Amino acid sequence: MVEAGSDDIQAVTAALARGDIRACARIISRVERAEEDLVPLLRALYKAGGRAQVVGVTGPPGAGKSSLVSQMIRVWRKRGKRVAVLAVDPSSPFSGGAVLGDRLRMADHTCDDGVFIRSMASRGQLGGLAKAAGDVLTVLDAMDWDVIVVETVGVGQNETAIIRHADVVVLVQTPMGGDDVQAAKAGINEIGDIYVVNKGDHPEADRTVSQIRDMITLDHHLHPESTWIRPVVKTQSILGQGVEDLADAVQQWFDHVRNHPETAAARARHRVRHRTAEIIRDTLDKRLLRDEEQIVDSMIDQVVSRHRDPYTLADSLLAGMA
Ligand SMILES: Nc1nc2c(ncn2[C@@H]2O[C@H](COP(=O)(O)OP(=O)(O)OP(=O)(O)O)[C@@H](O)[C@H]2O)c(=O)[nH]1
Ligand SMILES: [Mg+2]
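Now for a quick tour of the structure. Along each chain, residues carry numbers from 1 onward, in the same order as the chain's sequence is written. For naming, the first written chain is A and the first written ligand is 1, with later ones following in the order written. Predicted model: local features are reported for residues with pLDDT of at least 70 only, side-chain atom pairs are reported and counted for 80 or more only, and whole-chain, interface and lining totals are derived from all residues. Values reported for side chains reflect all heavy atoms of the structure, with hydrogen atoms and water molecules removed beforehand.

### Let's talk about the overall build of the protein chain
Next, step 1: Helix numbers and strand numbers start at the N terminus; a helix is a DSSP run of H or I with at least 4 residues, a strand a run of E with at least 2. In terms of regular secondary structure, the protein chain is built from 13 helices and seven strands.
Next, step 2: Note on exposure labels: buried denotes an accessible area under 20% of the residue type's maximum, exposed denotes more than 50%, and partly exposed covers the range between, all computed with a 1.4 Å probe on protein chains only. By residue count, 45% of the 322 residues in the protein chain fall in the buried class.
Next, step 3: In this description, contact between two residues means that some pair of their heavy atoms is separated by no more than 4.5 Å. A separation of at least 24 residues holds for 77% of the contacts in the protein chain among residues at least 6 apart in sequence.
Next, step 4: Surface accessibility in these figures is a Shrake-Rupley result with a 1.4 Å probe; residues are shielded only by whichever protein chains are displayed. Accessible surface, the protein chain: about 16700 Å² in total, of which carbon and sulfur atoms supply 54%.

Put into structure tokens, the structure is as follows:
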């Protein structure tokens, strides 16, 4: 089957490299349907990719992520960059309402062929959303985009998993009271290479910026080995204020990792570890929970009857994957 499809693989890889949006949309739909015979293509596309700057944008619901991304697109386009956006919405498994909102807010860019915007929600998603998002990024990365944005709501585990695909993570916060900053501290220190305090028109905005800066300074004293001091940018995304500064901060990150290849390599290895773990989990989930393969079923029956144990079953499945 791989043999028979290799012409197709070459044709699709070439079409994507040319920036063929229709080919791209077709493959993404197949990813969303979790089509099994896509794997040989994804293998080829992964090897063809790796040029784009993958920028993750996360933060609590309603922080202004989509409005900010829309403004960032404007700045990047002005700087001659071609931009793809993948808005992943794990929080609305049934409604898809927020996804529609994302589409509307980014509607200004629909006539620009230097911009591609795609939303993914849990609804209709057969496999894990994070894994599927990773596959879509593989497809986009095999194209000629300069920047690929992945936007996702940052609240739970799933969302963190998606943002791990990014080269750099922009954490969008909103102005908050002192207690809230304390509460947000753990999350803030865990994820984010660049911080944004959006809704800069809010009276608490400057105070929140300086509190987050204090937190970063303190954290830097505790971890003096880290060479990147995380910037905090105040924005007002509905007016586009601070957005140039944010685009500069993102560029500075990429300049920084170019000058610190060890940081870049560690990051890249970390990403591959997570990506591979995700693929393993997804494959096992599929075999155990979805496929109803006869051989797996009979092993499960042996565990049910206690002739085997789940540890041995896990070992057998993992050994079968290797
Ligand atoms: N006052 C003010 N409102 C803003 C600003 N930026 C965004 N908003 C408003 O905040 C609301 C949420 O904006 P979105 O861009 O949809 O936020 P989001 O983080 O993408 O939201 P979800 O994807 O649903 O989590 C909208 O009503 C925006 O108009 C800002 O700078 N100031
Ligand atoms: Mg949004």
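More follows now that the structure is in view.
### A word on the packing of helix 3 (residues 39-48) against helix 6 (residues 129-141)
Next, step 1: The geometry of helix 3 relative to helix 6 is characterised by a closest axis approach of 8 Å and an angle of 55 degrees between their N-to-C directions. Relative to helix 6, the element helix 3 lies oblique. As helix 3 packs across helix 6, the resulting crossing turns out to be left-handed. Contact with helix 3, carried on its side by Leu42, Leu45 and Tyr46, involves Asp135, Thr138 and Val139 of helix 6 and no other residues of that element.
Next, step 2: Of the residues belonging to the contact of helix 3 with helix 6, the class tally is four nonpolar, one polar and one charged. What counts as an axis is a line fitted to C-alpha atoms, over the stretch in contact for a helix, and the angles between N-to-C directions run from 0 to 180 degrees. Roughly parallel covers angles under 35 degrees, roughly antiparallel covers those over 145, roughly perpendicular covers 65 to 115, and oblique covers all other angles. Two helices that cross are described as forming a left-handed crossing if the nearer one is turned anticlockwise from the farther one by less than a right angle, and a right-handed crossing if clockwise. Gly falls in the polar group here, along with every residue not listed as nonpolar (Ala, Val, Leu, Ile, Met, Phe, Trp, Tyr, Cys, Pro) or charged (Asp, Glu, Lys, Arg).

### Digging into helix 1 (residues 6-17)
Next, step 1: Compared with the 16 Å implied by 1.5 Å per residue over twelve residues, the 16 Å span of helix 1 between its first and last C-alpha is a close match.
Next, step 2: Among the residues of helix 1, Ile9, Thr13, Ala15 and Leu16 are the ones counted as buried. In a view along the axis of helix 1, the buried residues occupy a sector of 160 degrees, so they form one face of it. Across from the buried face of helix 1, at angles greater than 90 degrees, the exposed residues are Asp7 and Gln10. Multiplying one less than the number of residues by 1.5 Å gives the expected span of a helix. What the arc measures is the spread of directions leading from the helix axis to the C-beta atoms.

### Things to note about the environment of Arg267
Next, step 1: When you line up the elements, Arg267 lands in helix 11 (residues 261-290).
Next, step 2: Using a relative accessible area of 26% as the deciding quantity, one classes Arg267 as partly exposed.
Next, step 3: Spatially, the C-alpha atom of Arg267 lies 9.7 Å from that of Arg164, the residues being 103 residues apart in sequence.
Next, step 4: Not counting the four nearest positions on each side in its chain, Arg267 is found in contact with Asp167, Asp193 and Trp253.

### Here we look at the pattern of salt bridges
Next, step 1: A side-chain nitrogen of Lys or Arg and a carboxyl oxygen of Asp or Glu constitute a salt bridge if their distance falls within 4 Å. Throughout the structure, instances matching the rule amount to 18 salt bridges.
Next, step 2: The salt bridge partner of Asp135 is Arg275, with a shortest N-O separation of 2.4 Å. Of this pair, Asp135 sits in helix 6 while Arg275 is found in helix 11, placing the two residues 140 residues apart along the sequence.
Next, step 3: Residue Asp135 is classed as buried on the basis of its relative accessible area of 7%.

### Side note on the packing of helix 10 (residues 243-259) against helix 11
Next, step 1: Where helix 10 contacts helix 11, the two axes come as close as 5 Å, and the packing angle between them is 105 degrees. Looking at the two axes, helix 10 sits roughly perpendicular to helix 11. When helix 10 is examined against helix 11, the residues Trp253, Val257, Arg258 and Asn259 are found in contact with a partner set consisting of Pro261, Thr263, Ala264 and Arg267.
Next, step 2: By residue class, the composition of the contact of helix 10 with helix 11 is four nonpolar, two polar and two charged.

### A look at helix 10
Next, step 1: End to end, helix 10 covers 24 Å across 17 residues, agreeing with the expected 24 Å (1.5 Å per residue, within 8%).
Next, step 2: Structurally, helix 10 contributes buried residues whose contacts are with strand 1 (53-59), helix 4 (65-78), strand 5 (168-173), strand 6 (194-197), strand 7 (232-234) and helix 11.

### Structural notes on the packing of aromatic side chains
Next, step 1: Pairing of aromatic rings covers Phe, Tyr and the six-membered ring of Trp, with a centre-to-centre limit of 6.5 Å; geometry is then stacked below 30 degrees between planes, edge-to-face above 60, and tilted otherwise. The final tally for this structure, using the stated rule, is two aromatic pairs.
Next, step 2: Their ring planes at 25 degrees and their centres at 6.1 Å tell us that Phe116 and Trp145 sit as a pair that is stacked. Separated by 29 residues along the polypeptide, Phe116 in strand 3 (residues 115-121) and Trp145 in the loop between helix 6 and strand 4 (147-153) bring together distant segments of the chain. Both residues of the pair, Phe116 and Trp145, belong to the buried class.
Next, step 3: On the basis of an interplanar angle of 85 degrees and a centroid distance of 5.1 Å, the ring pair of Trp228 and Trp253 is categorised as edge-to-face. Residue Trp228 is found in the loop between helix 9 (205-222) and strand 7, and its partner Trp253 is found in helix 10; the two are separated by 25 residues along the sequence. Comparing Trp228 with Trp253, the two get one shared label, buried.

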